[in-house]
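Spelled out, the chains give:
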Amino acid sequence: MSYRVVHYINQFFANIGGEEMAHVPPELREGAVGPGMAFNQEWKGEAEIVKTIVCGDSYFAEHEKDAKAKVLEWVKAEKPDMFVAGPAFNAGRYGYACANIALAVKEELGIPVLTGMYEENPGADMKDKVLIVATTNSAAGMRKAAPVMAKLAMKLMKGEKLGASCEEGYMPNGIRCNFFEKERGSKRAVNMLLKKLAGEPFTTEYPMPTFDRVAPNPAIKDMSKAVVALCTSGGIVPKGNPDHIESSSASHYGEYCLDGVDVLTEATYETAHGGYDPVYANQDPNRVLPVDVMREFEKEGKIGKLHNYFYTTVGNGTAVASARAFAKEYAQKLLKAGVNAVIMTST
């Protein structure tokens, strides 16, 4: 008899729709759906997805308590040997849902759980509580993710001992596993040094954290003559989001003119951000992008001028590499326009 698995996916992978359908409530489907079919193929009959739970990302974020209760009810009724969520890749709300529902199943039902996502996904912060397989930042990496997740899930179902994270493919979770290397430490160290000196790739045994340090520019001596620009990762856009900036994992930024705009109003601006409650930002967009205060400073002579363009994107689940690319591009526009300072607001 094969192992029984319950799988959790979002509305996109269930082929319901994208962001416009992220509000759909949880539903229970028979058998495997979407990526679940790839898992079944990898298990080759040893395990099978008996039920698939589908839930919209926005619904889970806005009704987390109710969504969890419904999912737990369905999982408990099935009495599965394994619960798998995702993979979510770099979808922020999806990753958050996968990690949190997996933790709830693990803690409340005592069932082995597994999920997968990109290392910069906000849900990956729970890697010390839930086993998370590291994936690429987009669904294009499904072919690589499915075999790793399926193999790891099978080990969990069989109760086999897991190896180190570097061997099994899951994110380091703070638990150290002792094992014997084929070569002694001194020889491995010399080999790494030789590869480094030769410019060849090598894998360190003690990865250091990467800190992006940016040297600050000299202080502006006279702010009363400075041109100041506003930028934000809070997703403030003209009403209707004309450039369709994504609510999470943004692929681009917006550039909008402020000529003749003294204050952002509910009728003309809104937030595209999907990672926080938009109500207060939509009621008064100046809470995120303080155009009103900057205009006051301009009139009072505290600053020379507010730059006539602002730049905006959504930081929710957006890859660091993408954010860096956005800033690199529009920073050149700011320099060319003679901007002396930038105020970057978040949420």
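As shown above, the structure is provided for reference.
Conventions we followed
Once a new chain begins, its residue numbering starts again from 1 and follows that chain's sequence as written. In keeping with the model being predicted, local features are shown solely for residues with a pLDDT of at least 70 and side-chain atom pairs are shown and tallied solely at 80 or more, while totals for entire chains, interfaces and linings include all residues. With hydrogens and water excluded, all non-hydrogen atoms of the structure serve as input to the side-chain values. Only DSSP runs of H or I reaching four residues or more are called helices, and only runs of E reaching two or more are called strands; each is numbered from the N terminus. The classification of residues rests on relative accessible area computed with a 1.4 Å probe and restricted to protein chains. Under 20% of the type maximum is buried, over 50% is exposed, and intermediate values are partly exposed. It only takes one pair of heavy atoms within 4.5 Å for two residues to be counted as in contact. Only the protein chains shown count as cover for residues, and all accessible areas are computed by the Shrake-Rupley method using a 1.4 Å probe. We treat Lys and Arg as the positive residues and Asp and Glu as the negative residues; His and chain ends play no part in the count. For this purpose, a charge sits on NZ of Lys, CZ of Arg, CG of Asp or CD of Glu. Axis definition: a line fitted to C-alpha atoms, limited for helices to the stretch in contact. Angles are taken between N-to-C directions and run from 0 to 180 degrees. Roughly parallel covers angles under 35 degrees, roughly antiparallel covers those over 145, roughly perpendicular covers 65 to 115, and oblique covers all other angles. Here is the rule for handedness: rotate from the far helix to the near one, and if that takes an anticlockwise turn smaller than a right angle the crossing is left-handed, while a clockwise turn gives right-handed. All amino acids are sorted into three groups, where Ala, Val, Leu, Ile, Met, Phe, Trp, Tyr, Cys and Pro are nonpolar, Asp, Glu, Lys and Arg are charged, and the leftover types, Gly among them, are polar.

## Overview of the overall build of the chain
Here is step 1: From N to C terminus, the chain includes ten helices and 13 strands.
Here is step 2: Principal axes of the C-alpha set define a box for the chain whose edges measure 75 × 55 × 30 Å.
Here is step 3: The buried share among the 347 residues of the chain stands at 44%.
Here is step 4: Taking contacts inside the chain between residues at least 6 apart in sequence as the whole, the part at least 24 apart equals 72%.
Here is step 5: Carbon and sulfur atoms make up 53% of the accessible area of the chain, which amounts to about 19300 Å² in all.
Here is step 6: In the chain, 39 side chains carry a positive charge and 43 a negative one; their mean positions are 7 Å apart.

## Re the packing of helix 1 (residues 35-43) against helix 5 (residues 142-158)
Here is step 1: Two elements in contact, helix 1 and helix 5, have axes whose closest approach is 9 Å; the angle formed by their N-to-C orientations is 60 degrees. If you check the angle between helix 1 and helix 5, you find them oblique. The hand of the helix 1/helix 5 crossing is right-handed. Contact residues: Pro35, Ala38, Phe39, Glu42 and Trp43 in helix 1; Met142, Ala146, Pro147, Met149, Ala150, Ala153, Met154 and Met157 in helix 5.
Here is step 2: For the contact of helix 1 with helix 5, the class distribution of residues is twelve nonpolar, no polar and one charged.

## Topic: unusual backbone geometry
Here is step 1: Note that the residue after Gly86, namely Pro87, is joined by a cis bond; omega there is 10 degrees.
Here is step 2: Here Pro87 shows up in the loop between strand 4 (82-85) and helix 4 (92-109).
Here is step 3: One non-glycine residue, Asn241, lies in positive phi territory at about 50 degrees.
Here is step 4: The topology assignment puts Asn241 in the loop between strand 8 (236-238) and strand 9 (254-257).
Here is step 5: Judged by relative accessible area, which is 13%, Asn241 ranks as buried.

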